[in-house]
Structure formats: structure tokens, C-alpha cells
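# A closer look at the structure
What follows is the residue order along each chain.
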Amino acid sequence: SSQIYPIHLPRETRTRRALLICNIEFENLGRRNGAEVDVAGMTKLLEGLGYMVDTHYNLTSQGMATVMKDFADREEHWTSDSTFLVFMSHGLRAGLCGTESRGGTTDILSLDTIYEKFNNQNCRALMGKPKVVIIQACRGGKRGSVLVSDSTDPAAPAPGSADAFSEELEADKICEIHLESDFATLCASTPDTLSWRSPEKGSIFIQQLIEQLRNHACDSSLQEIFRKVQCTFENFPRQLPSQERTTLLRKFYLFPGH
């Protein structure tokens, strides 16, 4: 179907790869106890879905950027149909903390860097293919819950007017494509809020993501699975995963076993 991302190659010749970066030990921040459980669970899941996982631990922001560039340049992406990019670290609204982070202004990897490294200009091998970004990190220090009453808020935002497409565009011999397309991103929490992790069982978000992918990869699209993950937090108001910066143009099915 034209509404579904295709799998062109048989499993025997397909070279799916995934990148997993996990920062556990930091020079100035607390150790992320339980993160090893997250890594083991995600690795087992992705390998079961046919991805060879490149795993890196305890990197500075520059180290993370270098690893991403090297991964984006891998030849295997030409004979792959998709990739997973998984990041686990301490985090702030500004981005992911590197191992030398001292706060909001030092050794922070901006999330923009992820999309820059893997956009259609810098990673041609993955052009037109789903790039799934998973971010397990806090995004601030606020709790994600609030006590509400039954009163209504009279101030409703006015609907914005959408920009109309220009009618003066002309076709050209040069192929013009979107700079940033085919991404699907699920963050552990909404902006400015905390995400929660058990020192024994790992992150709540990663636990739920693994469970939903295992149960529904065979029958649900990726974005529907993301919604199922979000629904599991309905009775845990301190945290809510957030789908952001998603530019999928079709439905992405993982087709486990195919």
C-alpha cells in the first residue's frame, strides 16, 4: 500500500541497524542506577525485531555527536528499511546531558543535533525511511501533574490560520525534498518535567515501551504503539510520554518475522 512504508529487501539481505547511547556514570551528576536494565531490555527487543544494535556508554555531548555522525555514515543503511536511535541520559529542557555536564549550560547535546545528523541532507542512505527516535531523559525538574477543580477556564486560545500553499510554484528538473522527513519521536516526558526510573527495574517509560512493542508490533503501526504507551501512563500523572517532531509520511509497521 502507498500508505505504508515498504520493506524492499528480504530479511536475509536486509541490514537493519540501531544506535543506543546510554550515559550512566557522570563526573558531577548522580549515577543513573537501573539504566543497565533499560539497555538490556531495549537491546533484546531491537535484536528480536531484526536490528543489529550499536551500543555506546558514557559519552560527552561531543562524543554523542561524533558517534551519531559515524552511525549515520554506515553503509548498511543503504540496504536497510529503517533505524532506531535510542538515547538514555540525564536531561534538561535544553537537551541531553553529557558525562561532563555541570548544569544547563555545559556539556549539553541539543536534540536538534539528532535530527541534523540524520536528515535527508546528511544521511542520504536513510532518506525516505523511518527513523525512530526514543529519548529516555528528564526534560526539566517539574512534576508532570497538577491538581485541578471542576471550574472551566473562560480563556480559550483563538484558532490560528494556516498558511496557504503558494499557487505560483513551478516544477523544476531538480528534485526538491523535505530536509527533515520520516522521523518518529517519543520522549519519556513532556517539556520541563521529570521522568521516573527504578534502580532495580529501570525506567518506567522504557518498561512500557518494550511491553507495547512486544505485544503490538505484529498488528499496530508505530504511532499507534506510541499512543498505547502514552495510555499506560493515564493513572500515573507525574509523567506522560510525548510524541514530538514526528514527520512520518506513511504508516510504519515493523512486521516482526518478515
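Under an unreviewed UniProt entry, the protein has the name CASP1 protein and belongs to Pampusana beccarii.

### Description of the overall build of the protein
Helices and strands together make up the secondary structure of the protein, namely five helices and 11 strands. Within the protein, buried positions represent 43% of all 258 residues. Look at the contacts in the protein between residues 6 or more apart in sequence, and 78% of them connect residues 24 or more apart. A total accessible area of about 14200 Å² is found for the protein, and carbon and sulfur atoms account for 51% of it.

### So, the pattern of salt bridges
If you walk through the whole model with that rule in mind, you get 15 salt bridges. The salt bridge partner of Lys-228 is Glu-224, with a shortest N-O separation of 3.8 Å. In this pair, Lys-228 and Glu-224 both sit in helix α5 (residues 222-231), four residues apart, roughly one turn of the helix. When its relative accessible area of 27% is taken as the criterion, Glu-224 is described as partly exposed. Linked by salt bridges that have partners in common, Arg-17, Asp-54, Arg-74 and Glu-76 make up one network.

### A closer look at the sheet that holds strand β7 (residues 131-136)
Reading across from one edge, β2-β1-β3-β7-β8-β11 is the order of the six strands in this open sheet, with mixed pairing throughout. Each having just a single partner strand, β2 (52-57) and β11 (242-244) make up the two edges of the open sheet. Neighbour-to-neighbour, the strand axes of the sheet open up by a mean angle of 15 degrees, direction not taken into account. Here six bridges tie strand β1 (residues 17-22) to β2, and the two strands are oriented parallel to one another. Of the residues in β2, the one forming a bridge with Leu-20 is Thr-55.

### As for the pairing of β7
Burial runs high along β7: six of the six residues are buried. By the alternation rule, side chains of β7 split into Lys-131, Val-133 and Ile-135 and Val-132, Ile-134 and Gln-136, which are all buried. For β7 and strand β8 (residues 183-187), the ladder comprises five bridges, and the chain directions are parallel. Directly across from Ile-134, in β8, lies its bridge partner Leu-186.

### As for the sheet that holds strand β4 (residues 91-92)
In spatial order, the strands read β4-β5-β6; together these three strands make up an open sheet with antiparallel pairing. Looking along the sheet, the strands with just one partner apiece sit at the ends: β4 and β6 (108-109). Of the pairings in the sheet, the one linking β4 to strand β5 (residues 95-97) comprises two bridges and is antiparallel in character. Looking across to β5, one finds that Gly-91 is bridged to Leu-96.

### Observations regarding the packing of helix α4 (residues 204-216) against α5
Remark: α4 packs on α5, axes separated minimally by 9 Å, with the N-to-C direction vectors making an angle of 135 degrees. If you check the angle between α4 and α5, you find them oblique. Like other packed secondary-structure pairs, α4 and α5 cross with a definite hand, here right-handed. Judged by residue contacts, Phe-205, Gln-208, Leu-209, Gln-212, Leu-213 and His-216 of α4 engage Leu-222, Ile-225, Phe-226, Lys-228 and Val-229 from α5. Here the residues of the contact of α4 with α5 are counted per class, giving seven nonpolar, three polar and one charged.

The rules behind each value
- Residues numbered from 1 in each chain as written.
- Predicted model: local features only at pLDDT ≥ 70, side-chain atom pairs only at ≥ 80, totals over all residues.
- Heavy atoms only, no water.
- Helix = DSSP H or I, 4+ residues; strand = E, 2+ residues; numbered from the N terminus.
- Buried < 20%, exposed > 50% of the residue type's maximum accessible area, 1.4 Å probe, protein only.
- Contact = heavy atoms within 4.5 Å.
- Areas by Shrake-Rupley, 256 points an atom, 1.4 Å probe, with all protein chains shown as cover.
- Salt bridge = Lys/Arg side-chain N within 4 Å of Asp/Glu carboxyl O.
- Pairing = 2+ DSSP bridges.
- Axes fitted to C-alpha atoms, helices over the stretch in contact; angles between N-to-C directions.
- Parallel < 35°, antiparallel > 145°, perpendicular 65-115°, else oblique.
- Left-handed = near helix turned anticlockwise from the far one by under 90°.
- Nonpolar A, V, L, I, M, F, W, Y, C, P; charged D, E, K, R; others polar.

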